[in-house]
Structures are given as structure tokens and as C-alpha cells.
Amino acid sequence: MNTHSNHISASLTYFLFHFSLFFDHFQFLPFTMPTIPEAPNMQDETSYEKNMKALQFIEQVTTNADEIQKKVLSEILTRNAHVEYLKRHGLDGLTADRDTFKNVMPIVTYEDLQPDINRIANGDTSPILCSNPISEFLTSSGTSAGERKLMPTIEEELERRSLLYGLLMPVMDQYVPDLNKGKGMYLCFIKSEAKTPGGLAARPVLTSYYKSSYFKEKPFDPYNNYTSPIETILCLDSYQSMYSQLLCGLIQNNQVLRVGAVFASGFIRAIRFLQKHWTLFCKDIRTGTIDVQITDQSVRNAVSKLLVPNPKLADLIETECSKDSWQGIISRLWPNTKYIDVIVTGSMSQYIPTLDYYSNDLPLVCTMYASSECFFGLNLNPLAKPSEVSYTILPTMGYFEFLPVQKNSGLPDSVNEKEKQELVELVDVKLGQEYELVVTTYAGLYRYRVGDVLRVAGFKNNAPQFNFICRRNVVLCIDADKTDEVELQNAVKNAINHLIPFDAFLMDYTSYASTSNIPGHYVLYWELRHGGTKSIPPTVFENCCLTIEESLNSVYRQGRVSESIGALEIKIVETGTFDKLMDYAISRGASINQYKTPRCVKFEPILELLNSRVRSVYFSPKCPKWFPGQKEWYDDDQN
């Protein structure tokens with residue numbers, strides 16, 4: 001989840017593990033420290049006592065951050081001392097010396113590791129990256145080659161993630177009391193998964209968690225009590241899952257104290273779904289029967305246990321949803337809601353005004369920072385404004401280093417020896433400085449560039465707190481997708497071949513992630529030179545739209561198929577538009593010698609300029625092709 005890194009940079013889940021298990025996880029910590037309490041017997045302890053022990057744990061690990069980081073790295077290297085990857089780089093058996101590790105091990109990206117990852121995916125079970133067996137792959141955002149990244153993981157990582165989950169509600173309880181006296185309406189969904197040729201599952205991190213015993217068999221916990229039966233979450237049909245979860249949330253509306261989803265975009269999509277189908281919900285609640293379009297029997301059975309005729313509630317929903325304005329609809333339908341739990345940092349910040357409109361400015365809470373590669377930390381001030389959200393990195397989760405971001409030159413695609421020496425430890429980062437996160441994990445990533453740019457906002461004891469700034473090189477993002485400039489350029493290059501028969505050429509272009517409608521969609525502004533006499537039919541531009549979509553990564557294409565991303569749009573602008581754009585930039589102080597067209601724009605005056613010069617508009621006529629797996633996997637399946 002990048003959630004952020006998808007973003008789960010991301011960010012990443014809101015269906016929290018039963019808190020009593022938090023203390024059982026102390027035995028899984030990769031080090032021993034006198035200051036960390038042993039796992040107590042929690043059967044007779046109150047929620048208050050459990051929460052206090054969780055907060056004490058946070059206090060202790062942030063105070064001893066550097067010592068813990070040393071022990072985490074030592075544990076990782078000791079355990080994996082004889083794996084092939086470490087031997088290859090000259091670290092065979094050299095496990096205790098942090099300086100030796102930093103001197104001999106390279107800084108890597110996914111492309112550097114891909115040959116080893118492909119070997120594991122194809123069935124090689126030898127200890128290539130990790131001494132523990134790889135239990136599955138977590139699929140992350142698409143690569144420039146157009147396919148998802150496969151992040152190796154091991155079984156014990158579920159334990160480590162659960163430790164982090166168990167800290168969230170104790171933190172939240174300090175700011176919003178009595179959350180154990182109601183329910184959360186969290187809209188959670190699984191996605192399609194694939195199996196690699198070697199038989200390992202390849203699926204998003206949240207799908208992995210929701211389908212695990214840690215989620216399906218969790219004991220009851222009043223702090224983590226939710227409106228959605230597990231059958232509605234595990235339903236793969238997105239319509240039936242959305243419908244049934246919203247229906248259950250409406251049935252229990254007076255018990256709901258908080259609402260949420262993973263990304264802000266997903267929650268807004270749920271509100272628009274309600275806007276479209278509220279009459280069906282009213283009918284179901286009025287009659288006590290579930291709509292015939294819900295055909296999954298396990299879902300029907302689970303919802304039927306909650307659904308009884310309730311004409312009074314149906315009247316309330318009908319009254320509120322039939323009004324012309326949907327401002328404040330969340331507070332009107334779920335009147336006891338105290339906050340919305342969604343990721344609204346990074347690219348998701350574009351959805352904040354819409355969430356404020358629907359909720360009458362309820363607090364927007366971002367609880368944790370995580371990705372498919374590693375879960376990193378949590379927000380210790382959850383009611384902070386979205387623009388001020390910072391995440392405290394927990395030193396127990398992995399070994400962290402930070403590559404300074406140079407303001408003028410940005411982030412390099414590769415790290416030279418000098419830049420390698422500039423990497424700093426977790427406790428040595430400087431307030432206000434921006435860094436790219438580099439992580440070493442228990443599952444076999446060593447000095448791996450996550451791609452997230454963070455700014456140091458402060459410290460919790462000795463552990464830094466970071467604002468999430470952006471994903472490296474990402475120019476467009478609507479939901480879980482991440483499209484970088486190279487990928488966009490290649491997609492446009494493929495599309496303009498449709499113009500060649502008409503003696504037309506693309507002069508310049510830029511792009512914009514539009515969220516004015518839900519689902520949001522990509523918009524491209526094209527300026528053409530048309531030297532031919534033959535006019536260009538609309539279908540040609542529609543084919544250009546589709547070709548671009550077909551050229552983008554599988555995360556984007558899956559989003560289109562699942563309707564979390566709308567059809568791509570091309571706007572043809574008047575000749576001279578990009579000259580006007582340059583003039584505007586120069587008028588604001590840009591250098592004429594150094595100016596280059598931005599490949600993505602967000603500044604409202606620039607968008608107004610571009611939109612004022614649009615001559616024609618075209619949309620992709622259908623969804624691009626998408627298959628649940630790597631291209632080579634389903635190609636093999638056809639043979």
C-alpha cells in the first residue's frame with residue numbers, strides 16, 4: 001500500500017487488529033531491552049490499562065530509537081547472514097558492524113532487485129534475499145515498464161504490522177474519548193489477486209491482511225467494532241461489496257462514531273454511490289429485505305442478520321438524500337460521527353474540500369504511514385490539520401536511512417558514492433530538511449529506496465516526525481495509481497501515432513489530475529500542428545485517449561476497470577497556448593533560459609488559462625484491458 005506509497009505510501013488500513021494481541025507481539029520484537037515491558041496477562045485488565053501500556057511502549061521505543069535501530073539491523077543481518085544477495089555484495093557473515101554494512105551495500109531501486117524477485121516468483125525457493133521463506137508478494141504501484149512491483153514478504157511481518165495497528169486506538173483515545181461505546185463505519189475492499197508461476201500469491205497489502213486469520217478471526221474489541229460484516233468486505237464484486245457495506249452502515253447509523261476508508265478518493269466514491277442508489281437503500285430498510293442485485297449468498301446471509309423493517313429510518317434517509325444540497329450529508333445520516341479516518345496527505349489532499357463539504361468540516365484523521373515495502377509509523381497528533389500531519393517513525397519496524405534531497409537538483413535516479421556517504425541515520429536527521437526514505441526490512445530489502453520524500457517536522461523524544469511531501473517522480477495520481485513523467489511521456493508517444501495519417505503533430509502537452517467529478521480522471525492538454533487538408537475525426541482522438549490508457553501501468557488500468565478512476569480526457573487547445581503558458585511563468589519570475597513546460601499542472605490560474613483556450617474535448621471510449629497478474633503470467637496461461 002503506497003500510500004502515500006500507496007500511500008499505502010501508504011497509509012494504510014483502518015480495520016484495526018484486536019488490541020489485546022498487541023502485548024502478545026512483544027515476543028516477536030527483534031531485540032530485547034530492559035525498558036520494554038514483557039507481555040502481560042491482559043485478561044483482567046481494563047481498556048484504560050491496556051492503552052496506558054501501549055502509550056508507555058511508544059514512549060520507550062522513541063526514547064531509545066538509535067539503540068533499537070542498531071539492534072534491528074543486527075537482527076536482520078544475523079538472520080540473513082548467508083543469503084545469496086548479501087554474499088554477492090561481500091557481506092557474507094559480517095553482521096555486527098553497521099559501518100561495514102553501509103560501506104559495502106549499494107542503494108537500490110526496484111529495478112535493481114527485479115531479477116532476484118522474478119526468480120522467487122518463478123519458483124526458486126533458495127535463500128536469495130531472505131533466510132525465511134517468502135510467504136507471498138505484496139503488489140505495489142506500477143513500474144515504468146507498466147506492471148506492478150512485487151514486494152516479497154514473510155509470515156512474521158503480519159505480526160509486526162499488527163503491533164503497529166495495536167497502537168492506533170490508544171493514541172486516538174487520548175483525543176476522542178468513548179470510542180469504545182459505538183462503531184466505526186469503515187469501507188474496506190479486497191482486490192483481485194494472482195499467483196506467480198512458483199505458486200505464491202501476489203496481492204495488495206490490504207487484501208493480504210483482510211484475508212488473513214489476524215483479521216478474519218480477531219476477537220471482539222469494543223474499540224475496534226465495525227458496521228461491516230466480514231463477508232461484505234471479502235466479496236470480490238465491487239458493487240455488491242460497496243452496496244452491502246453502506247447498507248449495514250445505514251442500518252446502524254446511530255451507533256456510528258467514526259467513518260472512513262483507506263484513501264479519501266475511496267470514501268468520496270462511496271458517498272457518490274450512495275447519491276446514486278439511495279432509493280434502493282430506502283426500499284431495503286423500509287421492507288427489511290436486501291436488493292435482488294446482491295447475489296452473493298454469504299453477503300445476503302450476513303446482511304439479513306442486521307436488516308429488519310425500519311420505516312422511520314427509511315423516511316430519514318429519503319428526506320435527507322432527496323434534498324437539493326448534499327452538504328453535511330455525513331453528519332445528517334450518521335449524526336454521532338466524530339471524525340473521518342482517511343488518508344488526505346500527499347496527492348489525496350486534493351479531496352479535502354469535497355470531504356469538508358460532505359461532512360460540515362468534521363476532523364480528517366490520518367492515523368498511520370505505511371507501504372507495501374514496510375509499515376513505518378503513526379500519527380501521534382491525529383486531530384492535526386491535514387497540512388500539519390506528521391508521522392512518527394517507529395524504530396522497531398525496520399532499519400531506516402535518509403537520503404538528503406537537494407532543493408535545486410531534486411532526487412537522483414541513481415546514487416553515486418558521494419551521495420551514498422551522505423545518508424543519515426534515523427536519529428540524525430535535521431529539522432526542516434527533506435529526505436528520501438531508504439529502508440532495510442526483515443523480508444529481504446536492503447537499502448531500498450522507497451521513493452517517498454519526507455520533511456522533518458519535529459521529534460518525539462529521539463525519534464523524528466515527518467511530513468509526507470510527495471512520491472519521487474510521480475506526476476499524476478487519482479486513487480492508488482501513480483504515473484511518473486517517463487511513463488506519461490511514453491504513453492503520449494504511443495498515442496500520437498494515430499495522428500500521423502492526418503499530417504498532424506503534437507507541439508506540446510501537459511496534464512492534470514481532475515477531481516471535479518467522482519471518480520477523478522486524468523486530463524491531458526494537447527496543442528497540435530495540423531498541416532494536412534484532411535480533418536481529424538473525433539474517433540481518432542478517442543483512440544488516442546484509449547492508447548494512452550492501454551500504455552499506463554496495471555494499477556491505473558485496474559482502477560479504470562473497477563471504476564475508481566474515470567475515463568481519460570484529452571483537451572485540444574488553441575495554437576499558441578503553451579507560449580501563453582511560458583509567458584505567464586516568466587511573468588512570475590521564471591527564467592526564460594531555463595523554462596520547460598511542466599508535464600503536470602495544479603496551479604489554478606494556469607488551469608484557468610488552459611481551459612479558456614480549449615477548442616474540443618474527447619474521452620476514452622472504453623476501459624483499457626486489465627488482467628489480474630503480470631503480463632508474462634497470463635501469456636503463459638494462454639499457452
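Quick caveat: nothing in here was measured; it's all calculated off a predicted structure.

**Digging into the packing of helix α13 (residues 264–287) against helix α15 (residues 311–321)**
(1) Moving on: The interhelical angle for the contact between α13 and α15, taken along N-to-C directions, is 165°, at an axis separation of 8 Å. In this view, α13 runs roughly antiparallel relative to α15, as classed from their interaxial angle. Note that α13 runs across α15; the crossing there is left-handed. Residues Trp 278, Cys 282, Ile 285 and Arg 286 of α13 touch α15, and the partners they reach there are Pro 311, Leu 313, Ala 314, Asp 315, Ile 317, Glu 318 and Cys 321.

**Quick word on α15**
(1) Moving on: Buried within α15 we find Leu 313, Ala 314, Ile 317, Glu 320 and Cys 321. Taken down its axis, α15 places every buried residue within 135° of arc, on the same side.
(2) Moving on: Packed against the buried residues of α15 are α12 (238–251), α13 and α16 (329–333).

**Overview of the sheet that holds strand β9 (residues 368–370)**
(1) Moving on: Strand order in the open sheet made by the 8 strands is β9-β10-β11-β16-β15-β14-β12-β13, with antiparallel pairing throughout. Looking at which strands have only one partner, the edges of the open sheet turn out to be β9 and β13 (424–425).
(2) Moving on: Sheet analysis places strand β10 (residues 375–378) next to strand β11 (residues 391–393), joined by 2 bridges and oriented antiparallel. Along β11, the bridge assignment pairs Leu 378 with Thr 392.
(3) Moving on: Relative to β10, helix α8 (residues 157–173) is tilted by about 15°, and along the sheet it contacts β9 and β10.

**Regarding the pattern of salt bridges**
(1) Moving on: All told, the structure shown has 29 salt bridges when counted by the stated rule.
(2) Moving on: Overlapping salt bridges bring together Asp 66, Lys 70, Arg 98, Lys 102 and Glu 425 as one network.

**What to know about the sheet that holds strand β3 (residues 183–186)**
(1) Moving on: Taken in spatial order, the 4 strands of this open sheet run β3-β6-β7-β8, and their pairing is parallel. This sheet does not close on itself; its edge strands, each paired only once, are β3 and β8 (364–365).
(2) Moving on: Here strand β7 (residues 339–343) pairs with β8 via 2 bridges, running parallel. Bridge pairing in β8 places Asp 341 opposite Val 365.
(3) Moving on: Set on the sheet, α13 makes contact with β6 (256–263) and β7; between it and β6 the angle comes to about 120°.

**As for the packing of α12 against α13**
(1) Moving on: Running from N to C, α12 and α13 cross one another at 65°; their axes reach a closest spacing of 10 Å. One way to sum up the angle between α12 and α13 is to call them roughly perpendicular. Of the two possible hands of crossing, α12 and α13 adopt the one that is right-handed. Here α12 contributes Tyr 239, Met 242, Tyr 243, Leu 246, Leu 247, Leu 250 and Ile 251 to the contact with α13, which in turn contributes Arg 269, Ala 270, Phe 273, Leu 274, His 277, Leu 280, Phe 281, Asp 284 and Ile 285.
(2) Moving on: Considering only residue class, the contact of α12 with α13 consists of 13 nonpolar, 1 polar and 2 charged.

**So, the pairing of strand β15 (residues 448–460)**
(1) Moving on: Of the pairings in the sheet, the one linking strand β14 (residues 434–440) to β15 comprises 5 bridges and is antiparallel in character. Directly across from Val 438, in β15, lies its bridge partner Arg 449.
(2) Moving on: In terms of strand pairing, β15 meets strand β16 (residues 463–471) through 8 bridges, oriented antiparallel. By the bridge assignment for β16, Lys 460 is matched with Ala 463.

**Observations regarding unusual backbone geometry**
Glycine aside, the phi torsion of most residues is negative, and most peptide linkages are trans.
(1) Moving on: Backbone torsion omega between Ile 518 and Pro 519 reads 0°, so that peptide bond is classified as cis.
(2) Moving on: Along the polypeptide, Pro 519 turns up in the loop between β19 (504–514) and β20 (521–530).
(3) Moving on: Positive phi is not limited to glycine here, since Arg 447 has a value of about 55°.
(4) Moving on: Of note, Asp 503 is a non-glycine position whose phi angle comes to about 55°, a positive value.
(5) Moving on: Assessed through its relative accessible area of 34%, Asp 503 is described here as partly exposed.

**Points about the environment of Leu 164**
(1) Moving on: Secondary-structure assignment places Leu 164 in helix α8.
(2) Moving on: Judged by its relative accessible area of 0%, Leu 164 is buried.
(3) Moving on: Put simply, Leu 164 and Ala 370 are 206 residues apart on the chain and 9.9 Å apart in space, counted from C-alpha to C-alpha.

**Some details on helix α21 (residues 554–561)**
(1) Moving on: For α21, a buried count of 7 out of 8 residues is recorded, marking the element as mostly surrounded by other parts of the structure.
(2) Moving on: Buried within α21 we find Ser 554, Val 555, Tyr 556, Arg 557, Gln 558, Gly 559 and Arg 560.
(3) Moving on: Regarding α21, its N-cap is Asn 553, as a side-chain oxygen of that residue lies 3.0 Å from the backbone nitrogen of Val 555 further along.
(4) Moving on: Of the residues one or two after α21, Glu 563 is the one with positive phi, at around 65°.

**Observations regarding the confidence of the model for the protein**
When pLDDT drops low, the exact placement of atoms in the prediction is not to be read closely.
(1) Moving on: Predicted confidence across the protein gives a mean pLDDT of 82, with 85% of residues reaching 70 or more.
(2) Moving on: By mean pLDDT, helix α2 (residues 20–24) is the weakest element of the protein at 37, and α15 is the strongest at 96.
(3) Moving on: Taken together, the stretch residues 142–146 has pLDDT below 50 and engages in 15 contacts with residues farther than four places along the chain or on a different chain.
(4) Moving on: pLDDT under 50 marks residues 634–639. Its contacts with residues more than four places away, or in other chains, come to 2 contacts.

**Let's talk about the nonpolar core**
(1) Moving on: Grouped together as the largest cluster of nonpolar side chains are 180 residues, with contacts concentrated most on Phe 267, Ile 330, Phe 400, Phe 402, Trp 526 and Ile 548.
(2) Moving on: At 12 residues, α13 tops the list of elements feeding residues into this core.
(3) Moving on: Not counting the four nearest positions on each side in its chain, Ile 330 is found in contact with Val 259, Phe 267, Ile 271, Thr 337, Ile 340, Tyr 358, Ser 359 and Leu 362.

**Topic: the pairing of β20**
(1) Moving on: Burial analysis of β20 places 8 of its 10 residues in the buried class, which makes it a mostly covered element.
(2) Moving on: Direction of pairing for β19 relative to β20: antiparallel, over a ladder of 10 bridges. Residue Ala 513 lies in a different strand from β20, and its bridge partner there is Tyr 522.
(3) Moving on: In this antiparallel pair of consecutive strands, β19 and β20, the connection spans 6 residues.
(4) Moving on: Taken together, the 5 bridges between β20 and strand β21 (residues 569–573) define a ladder with parallel strand orientation.

**Considerations on the packing of aromatic side chains**
Think of a pair of aromatic rings as described by two things: how far the centres are apart, and how the planes are tilted against each other in angle.
(1) Moving on: Applying the stated criterion to the full structure yields 20 aromatic pairs.
(2) Moving on: Judged by centre distance (5.6 Å) and plane angle (15°), the rings of Tyr 85 and Tyr 446 are stacked. Taken together, the residues span a long stretch of sequence, with Tyr 85 in helix α5 (residues 84–88) and Tyr 446 in the loop between β14 and β15 at a distance of 361 residues.
(3) Moving on: Ring geometry for Tyr 369 against Tyr 391: centres 5.5 Å apart, planes inclined by 35°, an arrangement best described as tilted. Pair noted here: Tyr 369 is in strand β9 and Tyr 391 is in strand β11, with a separation of 22 residues, a long-range link.
(4) Moving on: Of the residues examined, Tyr 391 reaches a relative accessible area of 1% and is grouped as buried.
(5) Moving on: Taken together, the ring pairs in this structure connect Tyr 369, Phe 376, Tyr 391, Phe 400 and Phe 468 into an aromatic cluster.
(6) Moving on: In this structure, Arg 160 is placed above the aromatic ring of Tyr 442, and the distance from its NZ or CZ to the ring centre is 3.8 Å.
(7) Moving on: Above the ring of Phe 375, the side-chain terminus of Arg 161 is found at 5.4 Å from the ring centroid.

Rules of the game
- Residues numbered from 1 in each chain as written.
- Predicted model: local features only at pLDDT ≥ 70, side-chain atom pairs only at ≥ 80, totals over all residues.
- Heavy atoms only, no water.
- Axes fitted to C-alpha atoms, helices over the stretch in contact; angles between N-to-C directions.
- Helix = DSSP H or I, 4+ residues; strand = E, 2+ residues; numbered from the N terminus.
- Parallel < 35°, antiparallel > 145°, perpendicular 65-115°, else oblique.
- Left-handed = near helix turned anticlockwise from the far one by under 90°.
- Contact = heavy atoms within 4.5 Å.
- Buried < 20%, exposed > 50% of the residue type's maximum accessible area, 1.4 Å probe, protein only.
- Arc of directions from axis to C-beta.
- Pairing = 2+ DSSP bridges.
- Salt bridge = Lys/Arg side-chain N within 4 Å of Asp/Glu carboxyl O.
- Nonpolar A, V, L, I, M, F, W, Y, C, P; charged D, E, K, R; others polar.
- Polar contact = N/O pair within 3.5 Å; in protein donor to acceptor, adjacent residues only side chain to side chain.
- pLDDT = per-residue confidence, 0-100.
- Core = buried A, V, L, I, M, F, W, Y, C linked by side-chain atoms within 4.5 Å.
- Phe/Tyr/Trp six-rings, centres within 6.5 Å; stacked < 30°, edge-to-face > 60°.
- Lys NZ or Arg CZ within 6 Å of the ring centre and 35° of its normal.

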